[in-house]
Amino acid sequence: MKITDAKVFVGGPAKNYVTLKIMNDQGVYGLGDATLNGRETMTATYLRDYLTPNLIGKDPRNSEDIWQFFYRGAYFRGGPIAMSAFGAIDMALWDIKGKLAGMPLYQLFGGKSREGAMVYAHATGADLEDLMDSIAWYVEQGYKAVRVQCGVPGMPTASYGVSEEKGANRNYITDFSGIQPKVEIWDTDRYMRYMPGALARIRERFGPDLRILHDVHHRLLPREAAEFAKEVEPVRLYWLEDPTPAEDQDALKLLRQHSTVPIAIGEVFNSIWDCNKLIENELIDFIRVAVTHVGGITPAKRIVDLAGLHHVRTGFHGAPSHSPLSMAAQAHLNAWAPNFGIQEYLVLGTPECDALFPSAHRLENGMFHVSDAPGLGVDFDEKEVARYSYKPGSLPVVRLEDGTLWNY
Ligand code: GCO
Ligand code: MG
């Protein structure tokens, strides 16, 4: 069996999805997602110019060898662009494998460990009252877990993950349009003074059962993060995400000495080497890698297994920049993983998105149910994708009030 062709598409409703389609000589094709928010043309170019020409003629069933060929063969290893491109190839090869076997991917991993996978949505508000409305809406829809972000009084611009406009919060997605990034202004002191009290009021209003998550988005220094984590302990958060930038992983030791709040980290990681020490030293409780960005299903499954040895549960990244293909890859891992925790899930299911990526996966009452279709269980409509073109975009940058550049 041989790979005969591979095509790369860029475009989609609201997002520049990068989709890879690999064909074999038996008429079976596999699909993969190489979307990297703000750098979509880079993964597409890497795939088109270097990777897909090297796929032709290879046996698509040898997904492990093909992964090793690209990873080791690059010599200058790693990084988000290369790993996301490998991720798409690996995903597409697993898709082919599942289709050849006539089985959904979770069966190839070891079958189902649960009926549905709990997801969390993003509730946001320009202020706390606005956020409360947003959370209430998700709770009414049956969500069991919600990430909560709201504006901080006195902060010169909206803080991370929130709109400045009231009521614009039901699935607020930061506007990344334009190649020159927007600038947001951050004030740690105001955030530290305001947010613990706001989280306490959310717990008070929604009671003990709701899983409440909060994302600091890498903005605190280690000592500040330790203080913040200690202060929010009575809220009983499901997790506190990215309290500090992930480059300095030892920083978490200080936080761990001061607080038992569960920590989730990993959305910016590109490989198992970025998180193996965090996991082995048990400095985190949830690993947040994205299957695409970490190089595909093959390495993601290794991370899940390593995490399982250290009581670390999964909480795969699911920002709207991931296409339904990588969300499906994660859904199959979620159905199987003995150490599954939760899945981030933002409503992708617009009619336009469903037309481009038809599937029978479904979300019901805050639980994701994976379909039994062979492979990833998501198709791709080439005619639909022709409706979209690439729109330049960039993630915002953050500065302090005096102009100092900070972490987005
Ligand atoms: C999350 C993330 C995202 C990122 C985005 C960048 O927890 O979902 O922090 O919102 O900002 O993925 O592309
Ligand atoms: Mg995050």
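Below: a short report on this structure. (Residues numbered from 1 in each chain as written. Chains lettered and ligands numbered in written order. Predicted model: local features only at pLDDT ≥ 70, side-chain atom pairs only at ≥ 80, totals over all residues. Heavy atoms only, no water.)

## Details of the coordination of the magnesium ion (ligand 2)
For step 1, the next point in the chain: All of the protein donors around the magnesium ion (ligand 2) are Asp 215 (OD), Glu 241 (OE) and Glu 267 (OE); their distances to the metal are 2.0 to 2.2 Å.
For step 2, the next point in the chain: Sequence positions of the residues that donate to the magnesium ion (ligand 2) give the spacing D-x25-E-x25-E. With a gap of 52 residues between them, Asp 215 in strand S7 (residues 211-215) and Glu 267 in the loop between strand S9 (263-265) and helix H9 (276-280) connect regions that are remote in the sequence. (Donors = N, O, S within 2.8 Å, 3.2 Å for Na, K, Ca; no water. Helix = DSSP H or I, 4+ residues; strand = E, 2+ residues; numbered from the N terminus.)

## Digging into helix H3 (residues 80-101)
For step 1, the next point in the chain: Helix length check: H3 (22 residues) gives 31 Å between terminal C-alpha atoms against 32 Å at 1.5 Å per residue, within 8%.
For step 2, the next point in the chain: Burial of H3 is extensive: 16 of the 22 residues sit out of reach of the surface.
For step 3, the next point in the chain: Backbone geometry just after H3 places Gly 102 at a positive phi near 70°. (Expected span 1.5 Å × (residues − 1). Buried < 20%, exposed > 50% of the residue type's maximum accessible area, 1.4 Å probe, protein only.)

## A closer look at the sheet that holds strand S2 (residues 18-24)
For step 1, the next point in the chain: Ordered by their spatial adjacency, three strands build an open sheet running S1-S2-S3, and the pairing between neighbours is antiparallel. In the strand order of this sheet, the two ends are held by strand S1 (3-10) and strand S3 (29-33), each with one partner. Taken pair by pair, the neighbouring strands of this sheet meet at an average axis angle of 15°, ignoring direction.
For step 2, the next point in the chain: Here S2 pairs with S3 via five bridges, running antiparallel. Among the inter-strand pairings, Lys 21 is bridged to a residue of S3, identified as Leu 31. (Pairing = 2+ DSSP bridges. Axes fitted to C-alpha atoms, helices over the stretch in contact; angles between N-to-C directions.)

## Some thoughts on the site of ligand 1
For step 1, the next point in the chain: Taken together, 13 residues are adjacent to ligand 1, and Asn 37, Tyr 160, His 217, Glu 267 and Glu 344 come closest.
For step 2, the next point in the chain: The separation between an oxygen atom of ligand 1 and a polar side-chain atom of His 217 is 2.8 Å.
For step 3, the next point in the chain: Glu 267 places a polar side-chain atom, nitrogen or oxygen, 2.8 Å from an oxygen atom of ligand 1.
For step 4, the next point in the chain: When isolated, ligand 1 has an accessible area of 340 Å², and the protein chains bury 89% of it. (Near = heavy atom within 4 Å. Polar contact = N/O pair within 3.5 Å; in protein donor to acceptor, adjacent residues only side chain to side chain. Areas by Shrake-Rupley, 256 points an atom, 1.4 Å probe, with all protein chains shown as cover.)

## Quick look at helix H2 (residues 63-73)
For step 1, the next point in the chain: Listed as buried for H2 are Ser 63, Ile 66, Trp 67, Phe 70 and Tyr 71. End-on view of H2: buried residues confined to an arc of 125°, all on one side of the axis. Those residues of H2 that are exposed and angled more than 90 degrees off the buried face are Arg 72 and Gly 73.
For step 2, the next point in the chain: The inward-facing, buried residues of H2 contact S1, helix H1 (40-55), H3 and helix H10 (297-309).
For step 3, the next point in the chain: Just beyond H2, the residue with positive phi is Tyr 75, at close to 65°. (Arc of directions from axis to C-beta. Contact = heavy atoms within 4.5 Å.)

## Details of the pairing of S2
For step 1, the next point in the chain: Counting buried positions along S2 yields seven of seven residues, so the element is predominantly enclosed.
For step 2, the next point in the chain: Of the two faces of S2, the one lined by Val 18, Leu 20, Ile 22 and Asn 24 and the one lined by Thr 19, Lys 21 and Met 23 are each fully buried.
For step 3, the next point in the chain: Pairing analysis gives seven bridges linking S1 to S2, with the strands arranged antiparallel. Bridge pairing in S2 places Val 10 opposite Val 18.

## Details of unusual backbone geometry
For step 1, the next point in the chain: One non-glycine residue with positive phi stands out, namely Ala 14, at about 70°.
For step 2, the next point in the chain: By the element assignment, Ala 14 lies in the loop between S1 and S2.
For step 3, the next point in the chain: Its relative accessible area of 81% is what places Ala 14 among the exposed residues.
For step 4, the next point in the chain: Look at His 218: it is not a glycine, yet its phi comes out positive at around 65°.
For step 5, the next point in the chain: A relative accessible area of 9% means that His 218 is categorised as buried.

## Structural notes on the packing of helix H6 (residues 188-206) against helix H7 (residues 222-232)
For step 1, the next point in the chain: Following both chains from N to C, one finds H6 and H7 inclined at 15°, their axes separated by 9 Å at the closest point. Classified by the interaxial angle, the pair formed by H6 and H7 is roughly parallel. Handedness of the crossing formed by H6 with H7: right-handed. Counting all contacts with H6, which are made through Thr 188, Tyr 191, Met 192, Met 195, Pro 196 and Leu 199, the residues of H7 involved are Glu 224, Glu 227, Phe 228, Glu 231 and Val 232. (Parallel < 35°, antiparallel > 145°, perpendicular 65-115°, else oblique. Left-handed = near helix turned anticlockwise from the far one by under 90°.)

## Remarks on the nonpolar core
For step 1, the next point in the chain: By size, the foremost hydrophobic cluster in this structure holds 92 residues, and its most contacted members are Tyr 191, Ile 202 and Ile 287.
For step 2, the next point in the chain: Per-element accounting of this core gives the leading share, eight residues, to helix H11 (residues 324-336).
For step 3, the next point in the chain: Those residues in contact with Ile 202 that lie beyond four places of it in its chain are Leu 128, Leu 131, Met 132, Ile 135, Val 148 and Ile 212.
For step 4, the next point in the chain: Formed by 27 residues, the second largest nonpolar core is a distinct cluster that contains Ile 3, Val 8, Leu 20 and Leu 93. (Core = buried A, V, L, I, M, F, W, Y, C linked by side-chain atoms within 4.5 Å.)

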